[in-house]
Each structure stands twice: as C-alpha cells, then as structure tokens.
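Notes for the structure review
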Amino acid sequence: MEKVHFTEEKATNLATLYGRALDYRSAHPILGDKAADDAVRRIDYDFTKIGISPDRAVSVVLRAKPIDDWTAEYLREHPDAIVLHLGCGMDTRFQRLAPPETVHWYDVDYPEVIELREKLYDRAPNQTHIGSSVTDFGWLDQVPSDRPALIVAEGLTMYLKPETGTELFRRLVEKFPSGGLICDLFNRTAIRIQKLNAPVRKAGATLYWGVDDPRELERCGLTLESSLDAAHWATPEVLARLGPFTRFQLRMLKVFPALARTAHIVRYRF
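Residues numbered from 1 in each chain as written. Predicted model: local features only at pLDDT ≥ 70, side-chain atom pairs only at ≥ 80, totals over all residues. Heavy atoms only, no water.

1. Topic: the overall build of the protein
Within the protein one finds 11 helices and nine strands. For the protein, buried positions account for 55% of its 270 residues. Of the roughly 12200 Å² that the protein leaves accessible, carbon and sulfur atoms contribute 50%. (Helix = DSSP H or I, 4+ residues; strand = E, 2+ residues; numbered from the N terminus. Buried < 20%, exposed > 50% of the residue type's maximum accessible area, 1.4 Å probe, protein only. Areas by Shrake-Rupley, 256 points an atom, 1.4 Å probe, with all protein chains shown as cover.)

2. Here's the deal with the environment of W70
Looking at the secondary structure, you find W70 in helix α3 (residues 54-77). Here the alpha-carbon distance between W70 and L181, two residues 111 residues apart in the chain, equals 9.9 Å.

3. Regarding the side chain of D33
Its location among the elements puts D33 in the loop between α1 (8-25) and α2 (34-42). D33 gets classed as buried once you look at its relative accessible area, which sits at 2%. A distance of 2.8 Å separates a polar atom in the side chain of D33 from a polar atom in the side chain of R96. Those residues within four positions of D33 in sequence are excluded, and the remaining contacts are R20, Y24, T92 and R96. (Polar contact = N/O pair within 3.5 Å; in protein donor to acceptor, adjacent residues only side chain to side chain. Contact = heavy atoms within 4.5 Å.)

4. What to know about the pattern of salt bridges
Counted by the stated rule, this structure contains 23 salt bridges. One salt bridge in this structure joins K34 and D38, with 3.0 Å as the shortest N-O distance. Within this pair, K34 and its partner D38 are both found in helix α2, separated by four residues, close to a single helical turn. The exposure class of D38 is partly exposed, given its relative accessible area of 32%. A salt bridge links R93 to D68; the nearest nitrogen and oxygen atoms lie 2.5 Å apart. Of this pair, R93 sits in helix α4 (residues 93-97) while D68 sits in helix α3, and the two are 25 residues apart along the sequence. For the pair R93 and D68, one class covers both residues: buried. Within the structure, one salt-bridge network assembled from shared partners comprises R20, D33, R63, D68, D91, R93, R96, E154 and D184. (Salt bridge = Lys/Arg side-chain N within 4 Å of Asp/Glu carboxyl O.)

5. Description of unusual backbone geometry
Non-glycine residue A98 carries a positive phi angle of around 45°. Looking at where A98 falls in the secondary structure, it is placed in the loop between α4 and β4 (104-109).

6. Comments concerning a positive patch on the surface
On the surface, a cluster of positive charge is made up of R56, K195, R201 and K202. Mapped onto the fold, K202 is located in helix α8 (residues 198-203). (Patch = residues over 30% accessible without salt bridge, like charges linked within 9 Å, V, L, I, M, F, W, Y side chains within 5 Å. Lys, Arg positive; Asp, Glu negative; His and termini not counted. Charge placed at Lys NZ, Arg CZ, Asp CG, Glu CD.)

7. Here we look at the packing of aromatic side chains
Evaluation of the coordinates by the stated rule reveals four aromatic pairs. Look at Y45 and F47: their rings are 5.3 Å apart centre to centre, the planes differ by 70°, and that puts the pair in the edge-to-face class. Between the aromatic rings of F169 and W209, the centroid separation amounts to 6.1 Å while the plane-to-plane angle is 35°, which identifies the pairing as tilted. With a gap of 40 residues between them, F169 in helix α6 (residues 162-175) and W209 in the loop between α8 and β8 (223-229) connect regions that are remote in the sequence. Both residues of the pair, F169 and W209, count as buried. Among the aromatic residues, those joined into a cluster by ring pairs are Y18, Y45 and F47. The ring of Y208 has K161 sitting right over it, with the charged end atom 4.8 Å from the ring centre. (Phe/Tyr/Trp six-rings, centres within 6.5 Å; stacked < 30°, edge-to-face > 60°. Lys NZ or Arg CZ within 6 Å of the ring centre and 35° of its normal.)

This is the structure we're talking about:
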C-alpha cells in the first residue's frame, strides 16, 4: 500500500480519482475506469473523508467523459500529435484512451504527484512524466515544438491565478505550430461560493480563477470551438442513475440557466 500525504489542491486529485473508482464499481459505469479503481485499492488513504459520494462521483465522470471524447477525436485527426496533460493528478486518461504509439503524451504535475503516479501506473514508451508545477514554465523546454499539440487541463484552471493562467496559455499557443486546448472552467460565482464545494473545502484548497464567458480566453490566441455548461449533464439517462436530491439539483439547472453557467467544459483551437 502507498501512503499519501497530499495537501490543498494536490489532495483534490484523490477526490476525482475516488469518483472514477466509484463509477467503475457502479452497476452502470460511465467511464468504466478500472485503472482508477485499482489505484484506489493500492493507496493507504481514508477516501471516505474527501467528500465524494456515489452521487457526487457522477459529476466527476460526467466532466471527464466529454474531455475524453474530444481528446480521442483530436487524436484521430492528428495521430502524430503531442498531448500535454496538465495538472494530470492521478488521472488515468492515457490508459482510458490508449493513444497510438505515434502520439507522444506528457503528464505534468507536482513532483510528489508524479512520484505516486510512477509507483501506481506503468509508463508506456510514448509517455513522459514531468514533475513540475505547470506555472514554473521551464518545464516547457522538455517538450518538442515541431508537431501539433493538444493541451488537456481538467480540474486545473480554477486553481491558477488569472494572470498566471493566461500567461501559461499564451506561452503554449506561441510554442506550437497549431493545436487545441480542452479544459473546464468555473465562473466567478463558483469561485465566490467555493466553500460549498466539499472536496475543495475538505482539502483546504483555494480557487482563484473564474471565467464568466469562455470567449475571454481568446485573448490568449485561442479560438473557441465548443462549450458545454452544466445543464448538458442533466440528460434523462444520467438522471436515472442518481439519487432523488442530486436528480433534483440537476433538473434545477434546466430551470435556472444561471446555475448551469457556473461551470463549462470548453474546446479551443489555435
């Protein structure tokens, strides 16, 4: 068993890992992420204290699913791409998507997170781990810039300071000849009410960057292609999987669109 002593935003990646494991254990999984379940079983940590219930786990995998789908679509169109998986945490996206050997995949996160990843997950020949904060921009020198690049950043932007996040995206756009960015965004209301977010509160983490309109990031050299707000998740198929209270919350997103706009999953090109 691997002991873990993550704090603040590093600890929140254990919450999402546990959410994917709970989804795998459910009767009708959305992601079916066996690697996540295997990892949870090998980590010596009390996952019951991080604020993820089976219902809340649904929101974790509903966020991951379109990001997986868009990433797979990009790689079908660009089978020689570089993928930068920023703030990768314990995410098993590489295992879920199994990209072709012509894709070179970079997982980037704090050194202690990468150290745990290397103990729990086998690394493929076309996969590189970089132990660094994504905002210590020197890590970019380790990545070639001669191919299209897809930047994937799930559960990252809200932990960045706005000026640092925009500088990160500007540098990435300038480095590569072309590419795409897939990420999720919280708006400013979600930042103001962050204490209601149980995994963030229990980890002692702090959210900083709220984006009310996804087009705000176009000032970094990006062009918005697709945007899904939280109401996208409230499909009949999903609602049927949930308990009464969570089902009611998701239905309210259809009734009160302002609530749905607290979170977006977005896709850009550059």
